[in-house]
Amino acid sequence: MPGLFSVEGKTVLVTGGSRGIGLMIARGFVEAGARVIISSRRADVCDEVAQRLSEFGTCESIPADLSSAEGADRLAELVSARVPGLDVLVNNAGATWGAPLEAYPESAFDKLWAVNVKAVFRLTTALLPVLRGSASVEDPARVINIGSIDGIRVPSMEVYAYSATKAAVHMLTRSLAHQLAPEHITVNAIAPGPFESKMMAFALNDPNTRAAIEHQVPLGRIGRPEDMAGAAIYLASRAGAYLTGAVIPVDGGMTTHG
């Protein structure tokens, strides 16, 4: 079945695409022949990473701060001015916050709700015109939200706002999928387990903690860049065209623990 998993020639926007999981996804799409736009808060880093990824294919940079509605709207305006249609939107930008229960600040909920949930909703709705411009019955436009297994199971760390907002991302994914299906726009979520990222660095950089985390993973290892890129490319390809409203754990089996 030639081309079943091809994303060649597709236009893809990856938020938070300059590091961690976003970078894994962006590089995967670039190497698979897509035109990729990455966005992140720090302009210098975003530009540098886009230049580096351009060695493997086509990658552009549009820096943006998605913690405010104005930032999301501005990114949507700049993307819409640059491309007539958007095939794939990857809502990856996010934040976390850990603290003991009785010291956990209310401000953590405010910050993470704005970045992890509101920005996903705001940017998706703002980009609907260009998503519609690429959507068809045979090849829907795709929205891929990055959730977390911490939004599925009770996390081992005290990240109350993070887990709550990621659970919200999963439900928002289902709601948007239902609403946008008649317009030939699919909406799915990936729920990553442990991957090499800034969020996980504090744990994975310590050999003992890393070994303990690997022991919790039924497949016995930390996720690799190709694991994350592969899941996103599947959802964006012909192979994933009939899937919408799904939350896919990419976690080495961790959610099988319940």
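Residues numbered from 1 in each chain as written. Predicted model: local features only at pLDDT ≥ 70, side-chain atom pairs only at ≥ 80, totals over all residues. Heavy atoms only, no water.

Undergrad: Provide a residue-level description of empty space enclosed by the protein, including the pertinent values.
TA: Taken as a whole, this structure holds one cavity of 30 Å³ or more when the rule is applied. Taken together, T15, L66, N91, N92, A93, V115, A119, V120 and L123 make up the full set of residues lining the largest cavity. Partitioning the lining of the largest cavity into residue classes produces six nonpolar, three polar and no charged. (1 Å grid on protein atoms, 1.4 Å probe; cavity = no way out; pocket = protein on both sides within 12 Å on 5 of 7 lines; lining within 4 Å. Points joined across faces, edges and corners; volume = space filled by probe spheres on them. Nonpolar A, V, L, I, M, F, W, Y, C, P; charged D, E, K, R; others polar.)

Undergrad: Which residues make up the environment of T96, and what values do they have?
TA: In this fold, T96 is placed in the loop between strand 4 (88–91) and helix 4 (106–126). The class of T96 is partly exposed, set by a relative accessible area of 33%. Excluding residues that lie within four positions of it along the chain, T96 makes contacts with L112, V159, Y162 and M199. (Helix = DSSP H or I, 4+ residues; strand = E, 2+ residues; numbered from the N terminus. Buried < 20%, exposed > 50% of the residue type's maximum accessible area, 1.4 Å probe, protein only. Contact = heavy atoms within 4.5 Å.)

Undergrad: Could you give me a rundown of a positive patch on the surface, with the residues and numbers involved?
TA: Positive charge collects at one region of the surface, where R19, R41, K111 and K198 lie side by side. Checked against the element boundaries, R41 lands in the loop between strand 2 (35–39) and helix 2 (43–53). (Patch = residues over 30% accessible without salt bridge, like charges linked within 9 Å, V, L, I, M, F, W, Y side chains within 5 Å. Areas by Shrake-Rupley, 256 points an atom, 1.4 Å probe, with all protein chains shown as cover. Salt bridge = Lys/Arg side-chain N within 4 Å of Asp/Glu carboxyl O. Lys, Arg positive; Asp, Glu negative; His and termini not counted. Charge placed at Lys NZ, Arg CZ, Asp CG, Glu CD.)

Undergrad: How would you summarise the sheet that holds strand 5 (residues 141–146) if you had to cite specific residues and measurements?
TA: Spatially, the seven strands line up as an open sheet ordered 3-2-1-4-5-6-7, and their pairing is parallel. Sheet topology places strand 3 (58–61) and strand 7 (247–250) at the edges, where each strand pairs with a single neighbour. This sheet shows a mean twist of 20° between the axes of neighbouring strands, independent of strand direction. The pairing of strand 1 (residues 11–15) with strand 4 spans three bridges and is parallel. Within the sheet, the bridge partner assigned to V14 lies in strand 4 and is V90. Of the strands in this sheet, strand 4, strand 5, strand 6 (185–192) and strand 7 are in contact with helix 9 (residues 225–236), which crosses strand 6 at around 165°. (Pairing = 2+ DSSP bridges. Axes fitted to C-alpha atoms, helices over the stretch in contact; angles between N-to-C directions.)

Undergrad: Quick one: what's the story with the pairing of strand 6, residue by residue and with numbers?
TA: Counting buried residues along strand 6, eight of its eight residues qualify, which places the element largely inside the surrounding structure. Across the two faces of strand 6 the burial is the same, with I185, V187, A189 and A191 and T186, N188, I190 and P192 all buried. Judged from the six bridges that link them, strand 5 and strand 6 form a sheet pairing that is parallel. The residue bridging N145 from the neighbouring strand is A189, located in strand 6. In this region the chain leaves strand 5, passes through helix 6 (residues 160–180) and returns to the parallel neighbour strand 6; the handedness of that crossover is right-handed. For strand 6 and strand 7, the ladder comprises four bridges, and the chain directions are parallel. By the bridge assignment for strand 7, I190 is matched with I248. (Right-handed = clockwise from strand over helix to strand, strands pointing away.)

Any functional reading would require information beyond the geometric quantities listed.
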